[in-house]
Amino acid sequence: MKSTVLIAVLGCMLAGDALGQNLLANGNFDSNIYGWNHPDAYPSWKPLDANGSMQSGSAYYANTQAAGATRLNVLSQCVPTYDPGVYLMGASGYIPTGQSNGDLVFSYSLFVPSNQCLGAPGASGTFSLSEFGAWQVFSNTTFPLNVSIQRNTPASILLTLGVEKVDVGGSFAGYFDNIYLIRDTLFLDGFE
């Protein structure tokens, strides 16, 4: 039952931002990749858009490391918050055909009590996309911001996206788009 409700909620969110504002800066890469940090390597902006828009684009990176099993984190953003609750996150990824094996990787870490993504994370998770030739969505990814914390306690959420090349030699490339982090205000009163 809850997964059905979650899918409906995500559909509403994608249709009209019904749940709230995207807490990330420039998650759609309409004209550039500004607003993001680049921990290991700097991606480029490309006009390929997950929704097929001619007015938008995506972040692109090709991992050409000689070693296998090498992940380069190319996008990250730390979002401070003081609001407990449930947060929804996701991203779209595209892996072109005709290249070596690899994954597009989406990770999150939750830091309490830090509003600067510092210290040891209290929770974290990693999700991968590995299908070639079509836009895929990291979706249905939710987590509660530690419900035992009090309102006005500093917390922060770090989202990181990487390109992981599996094979030795060669290269592995991919595109990221439609990255979001939204606080779910629909169920704040406990109604489910």
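In what follows, the structure referred to is the one given above.
Residues numbered from 1 in each chain as written. Predicted model: local features only at pLDDT ≥ 70, side-chain atom pairs only at ≥ 80, totals over all residues. Heavy atoms only, no water.

**Student:** What's the story with the pairing of strand β8 (residues 155-165) in this structure? I'm lost.
**Tutor:** Along any regular strand the residues' side chains alternate between the sheet's two faces. The buried fraction of β8 amounts to 10 of the 11 residues, a majority that puts the element mostly inside the structure. Note that strand β5 (residues 102-111) and β8 share 10 bridges and pair antiparallel. When the bridges of β8 are listed, valine 105 appears paired with glycine 162. (Buried < 20%, exposed > 50% of the residue type's maximum accessible area, 1.4 Å probe, protein only. Helix = DSSP H or I, 4+ residues; strand = E, 2+ residues; numbered from the N terminus. Pairing = 2+ DSSP bridges.)

**Student:** Just checking my understanding: could you explain the sheet that holds strand β6 (residues 123-129) for this structure?
**Tutor:** Read from one edge of the open sheet, four strands run β3-β8-β5-β6, paired in antiparallel fashion. Two strands lie at the open edges of the sheet, namely β3 (70-81) and β6, each paired on one side alone. When strand polarity is set aside, the average angle formed by the axes of neighbouring strands in this sheet is 15 degrees. Pairing geometry for β3 and β8, over 11 bridges, is antiparallel. Residue pairing for β8: asparagine 73 is matched across the bridge by glycine 162. (Axes fitted to C-alpha atoms, helices over the stretch in contact; angles between N-to-C directions.)

Just distances and angles here, no functional claims.
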